[in-house]
Amino acid sequence: MRRSGVLLHPTSLPGFGPCGDLGDAAIRFLDWLVEAGCDLWQTLPLNPTGGSFSPYDSPSSFAGASHLISIDRLMLEGLLTASEIVGRPPNTDQVNVDALQSWHTPLVSRAAWRLAEEDPDAVDAFSAQHPWLDDWALFEALRTDLSVQGWWDFPEPLQERDADAMASARERLANPIRVQQAIQLLFDRQWSAIRAAAHERGIQIIGDLPIFVHRAGCDTWSHRALFRWQRDVWRPDPIAGAPPDTFTELGQTWGNPHYNWPAHRAEDFAWWIRRFQSSIRRTDILRVDHFRGFAAAWEIPADAADARAGAWGPTPGNALFAAVAGALDGLPIIAEDLGVITPDVDALRRSLGVPGMKVLQFAFGSGPEHDFLPYNFDGDLWVAYSGTHDTDTAVGWYATASEEARHQYRVYAGSDGSEPGWDLIRLAWSSTAKWAIAPMQDVLNLDGRARMNTPGTIEGNWRWRTTTLPILAARRLAQEGWVYGREAKRVKAEL
C-alpha cells in the first residue's frame, strides 16, 4: 500500500516550554497529519541524549528521554501544582538545553518522587517488567552524585561492578534511584498515550534504532563482554566510523565501541533481541541506522590519526536479523542503506525483504543513471525521502548545490527552483516507492537555518523547533497524496 508521512522529532514540536514534548502539541501534530492525508510519523531515537544533545549518542539503548516528558501533563495528573511551574522559559524556535536542565529536569524529578510515594506499587511493577531499569537507575544516580558523564569516571570498584560496591551504592542512593525508576514510568505513560492516540487516528510511528551505543554509557557498563576493548584498559579498540567518501576526505571517526560478535552469538543475540523488542514496543516500524554496518563495519584502530586507517570488519547480519525476526515474528524495519553501499549490503537488505532509502537530494548532479532518480527505482521496496535529519533542508540544499545539480533538478521537476521543498516532496510522492517521507522543514519550505544536524560537527545540532503547524500546508500535502495515490485510508491500527 502506498503511504506517506512526515519526519519530525518530538523535540521539534511547537508549544510552551524549552523543548517540544509529549503534551498537547503532539496530539495537535497527529491531527495535522490526518489533515495532511498522512498515516506515518517518523521520529528520531526516543532515548536520552548525549552531551551534544544528539539522540544518536545516547547513554542508554533502553531508557526513554526524560526531556520529552510534558510538564503540563504532570500538572493535570496532580503530580505538580500550578505554582511550582512558574518561571516557564519563553517559547523559541530552538530547544533551550540550559532551561531543560535548570527548569524542566527538577520539575520532572519532583513529580517522579511524588509518584513513587503515592503509587509505589506502580513503580515496582514497572521496574519488574523492565529488567534494564535497575542498572539504568543506578547509572543515572551515580552520574548525578559524582557529577560525571560516564562510568569511566566512576571509582574503580564501581567501574568493575564490584558486588559490594554496587550494593553499597544502591543503599546510599536509594532515593535518587527510586526517582529514576519513576521518571521512566512517567515517560512510558506519556509516550504510550501518544502512540494510542496515533493508532486511534490510523497513524503508525516509525522509530529509529542507532547501530552503535555510547562508549561510556549504561549499555557498555552493564554488558562489558559484549564490546571490544583495549587490553587491560576500558577504552574501545577498534572504534566505529566511516571510510572516506565524496563528502568526507578523511572519513568519519565516531568513537563508539565495536561489538564483540562472538559473545553475541554465544548468547543467541539476546541483548539485540531485547533492544529491538524495547524499541518496537514504543513504535510500529524501526528505521535501522547505518544498516550497512550489519554487512560489514568500518573498524578504526584506537590510536589511528583518522578514519583512513580503518578496514572493513565482518558482522553477522543474516544470523542477527534471523534471531530478531524470530523473536518479533517479522522484521518491521526500514534499512538506512546510505553511504558506501557494496553488493553485500544490498544483498543483505534484499534477503531480508525490507525497504531501503532513496534520498532525492542525492539524485541530482551525477547524470541520468543515478540510482536515486525516481525513474531508476527498481520496484517499490523503497522509502523515498526529500531529505533526512542529516541533510540540509531542500531549500538549503538548493542554495549550496552545484549548478549542474540545480539545473538537472529544475528540468526534472519542471520547476523554477522557488520551492525546492515542495518540488522534492512531489517527486517523492509521485515515485514508485512504497512509502514517501518528508522532513517537516521541507513541508514548510524552510532554508538551511532550520537544519536538524550537520554530520561531523558538534555545536548547534538537534535544536530546531517549528513554531507552527499550518493548516494550508497540511491541505497541500493532502492534495499531493490524493494525486499520487498516497492518501491515507483511515483504518485504526492495532495496538
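Our structure's up above, just so we're on the same page.
What you see as residue numbers is a count from 1 along each chain, following the sequence as written. The predicted origin of the model limits local features to residues at a pLDDT of at least 70 and limits the giving and counting of side-chain atom pairs to 80 or more, whereas totals for whole chains, interfaces and linings rest on all residues. Heavy atoms throughout the structure, all of them, feed into the side-chain values; hydrogens and water do not.

1. Remarks on the pattern of salt bridges
Any carboxyl oxygen of Asp or Glu within 4 Å of a side-chain nitrogen of Lys or Arg constitutes a salt bridge here. By the definition in use, this model includes 29 salt bridges. Glu299 is the salt-bridge partner of Arg228, the closest N and O atoms lying 2.8 Å from each other. One end of the pair, Arg228, is in the loop between helix H9 (218-222) and strand S4 (239-242); the other, Glu299, is in strand S7 (residues 296-300), and 71 residues separate them in sequence. Its relative accessible area of 28% is what places Arg228 among the partly exposed residues. Assessed through its relative accessible area of 18%, Glu299 is described here as buried. Connected through salt bridges with shared partners, the residues Asp337, Asp346, Arg349, Arg350 and Asp378 form a single ionic network. Secondary structure counts use DSSP, requiring at least four H or I residues in a row for a helix and at least two E residues in a row for a strand, with both numbered from the N terminus. For every residue, the accessible area obtained with a 1.4 Å probe (protein chains only) is divided by the maximum for its type, and the residue is called buried under 20%, exposed over 50%, and partly exposed between those limits.

2. Thoughts on unusual backbone geometry
Across the junction of Asp237 and Pro238, the peptide omega takes the value 5°, indicating a cis bond. You can see Pro238 is positioned in the loop between H9 and S4. You will see that Ser147, though not glycine, has its phi angle at about 55°, which is positive. By the element assignment, Ser147 lies in the loop between helix H5 (132-146) and helix H6 (156-159). Positive phi values are uncommon outside glycine, yet Arg161 reaches one of about 55°. Turning to its location among the elements, Arg161 is positioned in the loop between H6 and helix H7 (163-172).

3. Some remarks on the packing of aromatic side chains
Stacked, edge-to-face and tilted are the three classes for Phe, Tyr and Trp ring pairs, Trp counted by its six-membered ring, which pair at centre distances within 6.5 Å; planes under 30 degrees apart are stacked, over 60 edge-to-face, the rest tilted. Going through the model one piece at a time under the given rule, you end up with 39 aromatic pairs. Residues Phe291 and Phe294 carry aromatic rings whose centres are separated by 6.4 Å and whose planes lie at 50° to one another, so their mutual orientation is tilted. The pair Phe291 / Phe294 is uniform in exposure class, with both members buried. Here the guanidinium or amino end of Arg161 rests over the ring plane of Trp221, the centre of that ring lying 4.5 Å away. A ring is considered to have a charge above it if a Lys NZ or an Arg CZ atom is located within 6 Å of its centre and within 35 degrees of its normal.

4. Regarding the pairing of strand S3 (residues 204-209)
Across the six residues that make up S3, a large majority, five, are buried. Strand pairing is assigned whenever DSSP detects at least two bridges linking the two strands. Pairing analysis gives three bridges linking strand S2 (residues 40-42) to S3, with the strands arranged parallel. Residue Trp41 lies in a different strand from S3, and its bridge partner there is Ile205. In this sheet, strand S6 (residues 285-288) lies alongside S3 in parallel orientation, the contact comprising four bridges. Pairing of Ile206 across the sheet is with Ile285, part of S6.

5. Some details on helix H4 (residues 120-129)
Where H4 is concerned, the buried positions are Ala122, Val123, Phe126 and Ser127. In an axial view of H4, the angular spread of the buried residues amounts to 130°, which keeps them on one side of the axis. With respect to the buried face of H4, the exposed residues turned more than 90 degrees away are Asp121, Ala128 and Gln129. Directions pointing from the helix axis toward each C-beta atom define the arc.

6. A word on helix H16 (residues 420-430)
Most of H16 sits out of view: nine of its 11 residues are buried. Of all the positions in H16, only Pro420, Gly421, Trp422, Asp423, Leu424, Ile425, Leu427, Ala428 and Trp429 are classed as buried.

7. Focus on empty space enclosed by the protein
Using a grid of 1 Å spacing that covers the protein atoms alone, one calls a set of points a cavity when a 1.4 Å probe fits there but cannot get out, and a pocket when the set is open and has protein on both sides within 12 Å along at least five of seven lines; lining residues are those with an atom within 4 Å of a point. Grid points are joined across faces, edges and corners, and a volume is the space filled by probe spheres set on the points. According to the stated counting rule, one finds six cavities of 30 Å³ or more in the structure shown. Approximately 190 Å³ is the volume found for the largest cavity. In terms of lining, the largest cavity is formed by 22 residues, of which the most central are Pro45, Asn47, Ser61, Asp208 and Ser279. Elements with a minimum of two residues in the lining of the largest cavity: S3 and helix H11 (270-282). In this structure, the second largest cavity occupies an estimated 130 Å³ of space. As for the second largest cavity, its lining consists of 16 residues, and the residues nearest its centre are Leu7, His389, Pro439, Gln441 and Met452. Charged means Asp, Glu, Lys or Arg here, nonpolar means Ala, Val, Leu, Ile, Met, Phe, Trp, Tyr, Cys or Pro, and polar covers whatever is left, Gly included. Taken together, the residues of the lining of the second largest cavity sort by class into six nonpolar, seven polar and three charged.

8. Comments concerning the sheet that holds strand S1 (residues 3-7)
Taken in spatial order, the eight strands line up as S9-S6-S3-S2-S1-S12-S11-S10 in an open sheet, and their pairing is parallel. Each edge of the sheet is formed by a strand with only one pairing partner; in this case those strands are strand S9 (333-335) and strand S10 (356-359). Going across the sheet, the axis of each strand differs from the next one's by a mean of 25°, ignoring polarity. With axes taken as lines fitted to C-alpha atoms, and helix axes fitted only over the stretch in contact, angles between N-to-C directions fall between 0 and 180 degrees.

9. Notes on the environment of Leu74
By the secondary structure assignment, Leu74 is in helix H2 (residues 71-76). Judged by relative accessible area, Leu74 falls into the buried class, the value being 0%.

10. Observations concerning the layout of surface pockets
Its volume calculated, the second largest pocket comes out at about 320 Å³. Residue lining of the second largest pocket: 20 residues in total, with Phe62, His130, Pro131, Trp132 and Arg274 positioned closest to the centre. Among the secondary structure elements, those contributing two or more residues to the lining of the second largest pocket are H4, H5, H9 and H11. Considering each element in turn, the lining of the second largest pocket owes the most residues, six residues, to H11.

11. Notes on the sheet that holds strand S8 (residues 311-314)
Strand order in the open sheet formed by four strands is S5-S4-S7-S8, with antiparallel pairing between adjacent strands. This sheet does not close on itself; its edge strands, each paired only once, are strand S5 (252-257) and S8. Looking at each pair of strands side by side, their axes are set apart by 50° on average, direction ignored. By the bridge criterion, four bridges tie S7 to S8 in an arrangement that is antiparallel. By the bridge assignment, Trp298 is partnered in S8 with Trp312.

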